[in-house]
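# A closer look at the structure
Given next are the chains, with one letter for each unit.
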Amino acid sequence: MELTFQKICKSFGEKRVLQDVNFTAESGKAFGLLGRNGAGKTTSIRILMNVFPADSGEVLLDGKPIRRDVGTFGYLPEERGLYPKKIILDQLTYFAELKGMRRKDAVKAIDYWLERLGMTEHRNKRLDTLSKGNQQKIQLITALTHDPQIIILDEPFSGLDPVNAMLLKDVVKEEIARGKIVLFSSHQMNYIEEFCDSIAILNGGKVVLSGGLHEIKRSYPRDRLVVRSEQREAIENAFGDRCVPTEDGTLLLTMDSPADKPAVMRRLAEEFDVDGVGVFEPSLNDIFVSYAGEQV
């Protein structure tokens, strides 16, 4: 499957929120929809889910206008939408039935997910008796019980401790392996970088960067080396202002040209005790700040 936003525009009154937004997400891969608050991420998600229509443009699935059938989407919102005083099984079943599932099938799927996420013991408890992280896992079950084609995860790791974050990562990887379209929206760049093959960065309602994350990183000038060594001071002295220390204890060495890499690496190996050296690639956080740091 291939999900495509094609020239999507949306305004609220005089304010134009989305301007010719284009991006494509593929099944079996995770796609990161990024941007600062107010950039247009939530509006894009709401148009995708038909909360309200676009003013112009189309959302396509495999080249055809998307059919927003009941079970097409699984949505984990940033703002939680469950009932704190209700029994967990009752409300999970209620939401699954809203998605078109028969009660018997819904309970079977819910029990699977409760066990998968280590939540079976809470099956007949009220939601407000759970920790924030466990409430997050129950919210995730509402997004997955009906086996949707397209899974939308908005800040999915919010409130999770490292153990539960690892569990959620495993679940997401399983869904990707099953051929689902998984769309992430998050400010936690480390998770986007770990999961997403492709990204689109929104700024001021426009897509300012999109494409494969690996290709985007390799498009940056490859004229800097990251050097790990216990002789940092000696290397800094040898290379002068072309070599600067970084926060993680490595050195960032700027060359005159990428073609100088073999000679510079040979000199480092011959003259110093070097533990590691490689071409510097920007992190997703670096890329995000570059493209979304200033509002358009």
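Residues numbered from 1 in each chain as written. Predicted model: local features only at pLDDT ≥ 70, side-chain atom pairs only at ≥ 80, totals over all residues. Heavy atoms only, no water.

Scanning the protein for helices and strands turns up 10 helices and 14 strands. Taken along the three principal axes of its C-alpha coordinates, the protein extends 70 × 50 × 30 Å. Looking at the protein residue by residue over its 296 residues, the buried ones come to 44%. Within the protein, residue pairs in contact and separated by at least 24 positions form 70% of the contacts whose partners lie at least 6 positions apart. About 15100 Å² of surface is accessible on the protein, with carbon and sulfur atoms providing 47% of the total. Here the protein contributes 40 positive and 44 negative side-chain charges, whose respective centroids are spaced 8 Å apart. (Helix = DSSP H or I, 4+ residues; strand = E, 2+ residues; numbered from the N terminus. Buried < 20%, exposed > 50% of the residue type's maximum accessible area, 1.4 Å probe, protein only. Contact = heavy atoms within 4.5 Å. Areas by Shrake-Rupley, 256 points an atom, 1.4 Å probe, with all protein chains shown as cover. Lys, Arg positive; Asp, Glu negative; His and termini not counted. Charge placed at Lys NZ, Arg CZ, Asp CG, Glu CD.)

A word on the sheet that holds strand S1 (residues 2-12). Strand order in the open sheet formed by four strands is S2-S1-S4-S5, with antiparallel pairing between adjacent strands. With one partner strand each, in any of the chains shown, strand S2 (15-26) and strand S5 (64-65) form the two edges of the open sheet. In terms of strand pairing, S1 meets strand S4 (residues 56-61) through five bridges, oriented antiparallel. Across the sheet, Cys9 pairs through a bridge with Ser56, a residue of S4. Contacts from helix H1 (residues 41-48) reach S1, S2 and S4 within the one sheet, and its direction differs from that of S1 by about 115°. (Pairing = 2+ DSSP bridges. Axes fitted to C-alpha atoms, helices over the stretch in contact; angles between N-to-C directions.)

What follows deals with the side chain of Lys180. Locating Lys180 in the fold gives a position in the loop between helix H5 (162-177) and strand S8 (181-185). Reaching out from Lys180, the side chain makes a polar contact with the backbone oxygen of Pro148 at a distance of 2.9 Å. (Polar contact = N/O pair within 3.5 Å; in protein donor to acceptor, adjacent residues only side chain to side chain.)

So, about the sheet that holds strand S13 (residues 251-254). Read across the open sheet, the four strands follow the order S12-S13-S11-S14; overall the sheet is antiparallel. Every interior strand has two partners, whereas the edge strands, strand S12 (243-245) and strand S14 (274-279), have only one. Looking at each pair of strands side by side, their axes are set apart by 25° on average, direction ignored. One ladder, built from four bridges, connects strand S11 (residues 224-229) with S13; its direction is antiparallel. Counterpart to Arg224 in the pairing with S13 is Thr254. Contacting S11, S13 and S14, helix H9 (residues 261-271) crosses the sheet at an angle of about 10° to S11.

Enumeration over the complete set of coordinates arrives at 16 salt bridges. In this structure, the salt-bridge partner of Glu194 is Lys169, at a minimum N-O distance of 3.4 Å. Here the residue Glu194 occupies a position in helix H6 (residues 189-195), and Lys169 occupies one in helix H5, the gap between them amounting to 25 residues. Since its relative accessible area comes to 39%, Glu194 is described here as partly exposed. Salt-bridge contacts for Arg267 lead to Glu271; the nearest nitrogen and oxygen are separated by 3.4 Å. On the criterion of helical spacing, the pair formed by Arg267 and Glu271 is a turn pair, its members being four residues apart in helix H9. What makes Arg267 partly exposed here is its relative accessible area of 29%. (Salt bridge = Lys/Arg side-chain N within 4 Å of Asp/Glu carboxyl O.)

When you line up the elements, Pro156 lands in the loop between strand S7 (150-154) and H5. Overall, the relative accessible area of 1% leaves Pro156 in the buried class. Sequence separation between Pro156 and Lys137 is 19 residues, and the spatial gap between their C-alpha atoms is 9.3 Å. In this structure, Pro156 is in contact with Leu76, Gln136, Leu168, Phe184 and Ser185, ignoring residues within four places of it in sequence.

What follows is about a nonpolar patch on the surface. Where nonpolar side chains cluster on the molecular surface, the patch consists of Tyr83, Tyr94 and Leu98 and spans about 320 Å² of accessible area. The residue Tyr83 is located in the loop between strand S6 (73-76) and helix H2 (88-98) in this model. (Patch = residues over 30% accessible without salt bridge, like charges linked within 9 Å, V, L, I, M, F, W, Y side chains within 5 Å.)

Here H2 crosses helix H3 (residues 103-116) at 125°, and the two axes come no closer than 9 Å. The orientation of H2 with respect to H3, classified from their angle, is oblique. With respect to the hand of their crossing, H2 and H3 are arranged in right-handed fashion. Between H2 and H3, the residues in contact are Leu89, Leu92, Thr93, Ala96 and Glu97 and Arg103, Ala106, Val107, Ile110 and Leu114, respectively. Residues that form the contact of H2 with H3 fall into these classes: seven nonpolar, one polar and two charged. (Parallel < 35°, antiparallel > 145°, perpendicular 65-115°, else oblique. Left-handed = near helix turned anticlockwise from the far one by under 90°. Nonpolar A, V, L, I, M, F, W, Y, C, P; charged D, E, K, R; others polar.)

Bringing the confidence of the model for the protein into the picture now. Any segment with low pLDDT has predicted coordinates that should not be analysed in fine detail. When pLDDT is averaged across the protein, the result is 92; 98% of the residues are at 70 or more. The secondary-structure element of the protein with the lowest mean pLDDT is H6, recorded at 89, while H3 shows the highest, at 97. (pLDDT = per-residue confidence, 0-100.)

Here H2 crosses helix H4 (residues 132-144) at 30°, and the two axes come no closer than 9 Å. One way to sum up the angle between H2 and H4 is to call them roughly parallel. Of the two possible hands of crossing, H2 and H4 adopt the one that is right-handed. When H2 is examined against H4, the residues Ile88, Leu92 and Phe95 are found in contact with a partner set consisting of Ile138, Ile141 and Thr142. In terms of residue class, the contact of H2 with H4 is built from five nonpolar, one polar and no charged.

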